[in-house]
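A closer look at the structure
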Amino acid sequence: MRRTILSVLAVCLGVLLAAGMEPTAVQAKTRYVTIGTGGITGVYYPTGGAISKIINKKRKEYGIRCTVESTGGSVFNVNAVMSGDLEFGIVQSDRQYQAWKGLAEWKEKGPQKELRAVFSIHPESVTLVAAEDAGIKTIEDLRGKRVNIGNPGSGQRQNSIDALEAAGIDYRKDIIAEQVKAAEAPGLLQDGRIDAFFYTVGHPSGAIKEATAGRRKVRIVPLTTIDALLAKYPYYAPATIPIKFYPGAVNTQDVPTFGVKATFVTSAKVPDDVLYAITKEVFENFDRFKRLHPAYEVLTKKGMLQGLSAPIHPGAMRYYREAGLMK
Ligand code: GLU
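In this text the structure is predicted, and so the values were computed from the model without any measurement. (Residues numbered from 1 in each chain as written. Predicted model: local features only at pLDDT ≥ 70, side-chain atom pairs only at ≥ 80, totals over all residues. Heavy atoms only, no water.)

To continue, consider helix 6 (residues 156-166). Counting buried positions along helix 6 gives nine out of eleven residues, so the element sits mostly inside the fold. Of the surrounding secondary structure, the elements contacted by the buried residues of helix 6 are strand 3 (88-92), helix 5 (93-101), strand 4 (115-131), strand 7 (196-201), helix 9 (227-232) and strand 10 (255-267). Within two residues after helix 6, Gly168 carries a phi angle of roughly 75°, on the positive side. (Buried < 20%, exposed > 50% of the residue type's maximum accessible area, 1.4 Å probe, protein only. Helix = DSSP H or I, 4+ residues; strand = E, 2+ residues; numbered from the N terminus. Contact = heavy atoms within 4.5 Å.)

Here it is in structure tokens:
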């Protein structure tokens, strides 16, 4: 009898303990994922924030906690996702293409076979910002000037090199090329320490606002000699920078250039259910998501499935099929 009472007590205690431990058990199941973005005055950083905000709202349901990291940009993000340091990255569509095929920065390492696409986001345009007093009105005027082409690890570095090359300019010989992060470039331009900088970014962006709002007058330089570029590279498309976002610039009209798309990528190693949850929440809250940044104004659900080169992650694919967005 005594034994029975004792064992009943033991069971009760066990139940109580288990109940008491429940929060710990749930916490242990929380999975932390991090999105690699770019400089904090770019559009990737708030984009990482927007995606996190949407998914973290359902933390109790999915047990996923998403955070954002400021990084050196696209190339850094691909490599960090491939090494497993980050679960997600925002990456230019041209960089996704190159990483998947083993081109540009990935020529020696070869194709990044574990790279997976999730969706594409806002358009980004190659933006050349130059000081008026340096007399730069066309890309050809960059000869002999001090120009920031972008840090290694950024998406824009190769875009700058391609744009210069299309204008017959060798970045190693014909200009003084700086390779600092985009977040530092507006300050350097305003301080007179560089004459111009390239940044591949969505609009409006904090960095371009900062560069155009200072005492030194600046112009966003049209990039119009791009036919050969468009013919040579499948990932470039003509683009226009709306000047309404930058009233401080000397330009009076929208600026023609070329561009790519921001895309959201991950690794094949990240679990399907995490991808399903994130994709579903972004797409099911599409209108709310779109309101989180003015650069998303042009987004459509269909458009978000274009511009992807790596295979779509199966977890994301499950949602697209369910939602009838893909077959
Ligand atoms: N396109 C840039 C890059 O890949 C980043 C732009 C941004 O942070 O918005 O490095």
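Don't stop here, the text continues.
What follows covers the pattern of salt bridges. By the definition in use, this model includes twelve salt bridges. For Arg216, the salt bridge identified is with Asp133, shortest N-O distance 2.8 Å. Here Arg216, found in the loop between helix 8 (206-212) and strand 8 (218-221), pairs with Asp133, found in the loop between strand 4 and strand 5 (146-148); they are 83 residues apart in sequence, far enough to count as distant. Looking at Asp133, the relative accessible area reads 57%, which means it is exposed. Asp170 is paired through a salt bridge with Arg172; the nearest N and O atoms lie 3.3 Å apart. Through salt bridges with shared partners, a single ionic network connects Asp170, Arg172 and Lys173. (Salt bridge = Lys/Arg side-chain N within 4 Å of Asp/Glu carboxyl O.)

A few words on the packing of helix 2 (residues 44-56) against helix 10 (residues 272-284). As a packed pair, helix 2 and helix 10 sit with axes 9 Å apart at the nearest point and diverge in direction by 100°. In terms of orientation, helix 2 lies roughly perpendicular with respect to helix 10. Facing helix 2, whose interface residues are Ile51, Ile54 and Ile55, helix 10 presents Ala277, Ile278, Glu281 and Val282. (Axes fitted to C-alpha atoms, helices over the stretch in contact; angles between N-to-C directions. Parallel < 35°, antiparallel > 145°, perpendicular 65-115°, else oblique.)

Glancing now at the packing of aromatic side chains. Scanning all chains against the criterion turns up 14 aromatic pairs. Ring geometry for Phe119 and Phe264: centres 5.1 Å apart, planes at 25°, overall stacked. One end of the pair, Phe119, is in strand 4; the other, Phe264, is in strand 10, with 145 residues separating them in the sequence. Of the two residues, Phe119 and Phe264, neither departs from the other in class, the shared state being buried. (Phe/Tyr/Trp six-rings, centres within 6.5 Å; stacked < 30°, edge-to-face > 60°.)

This paragraph deals with the confidence of the model for the chain. In this model, the chain carries a mean pLDDT of 94, and residues with pLDDT of at least 70 account for 91%. Below pLDDT 50 for its whole length, residues 22-27 participates in zero contacts with residues either more than four positions away or in separate chains. (pLDDT = per-residue confidence, 0-100.)

Considering the arrangement of structural elements, one finds Ser120 in strand 4. Assessed through its relative accessible area of 0%, Ser120 is described here as buried. When near neighbours in sequence (up to four residues on either side) are disregarded, Ser120 contacts Lys261, Ala262, Thr263, Gly303, Met304, Leu305, Gln306 and Leu308.

Val43, Ser74, Gln92, Gly155 and Thr200 are the nearest of the 14 residues found near the ligand. At 2.6 Å, a backbone N or O of Val43 approaches an oxygen atom of the ligand. Between a nitrogen atom of the ligand and a main-chain N or O atom of Thr200, the distance comes to 2.7 Å. With the chains in place, 99% of the 300 Å² that the ligand exposes on its own is no longer accessible. Looking at the shell around the ligand, the element that brings in the most residues is strand 7, giving three residues. In the shell around the ligand, the residues fall into four nonpolar, nine polar and one charged. (Near = heavy atom within 4 Å. Polar contact = N/O pair within 3.5 Å; in protein donor to acceptor, adjacent residues only side chain to side chain. Areas by Shrake-Rupley, 256 points an atom, 1.4 Å probe, with all protein chains shown as cover. Nonpolar A, V, L, I, M, F, W, Y, C, P; charged D, E, K, R; others polar.)

A few words now on the layout of surface pockets. Considering only enclosed or pocket space, the largest pocket measures out at about 410 Å³ in volume. Lining the largest pocket are 25 residues, with Pro123, Glu124, Ala239, Val260 and Val298 sitting closest to its centre. Considered class by class, the residues forming the lining of the largest pocket number 13 nonpolar, eight polar and four charged. (1 Å grid on protein atoms, 1.4 Å probe; cavity = no way out; pocket = protein on both sides within 12 Å on 5 of 7 lines; lining within 4 Å. Points joined across faces, edges and corners; volume = space filled by probe spheres on them.)

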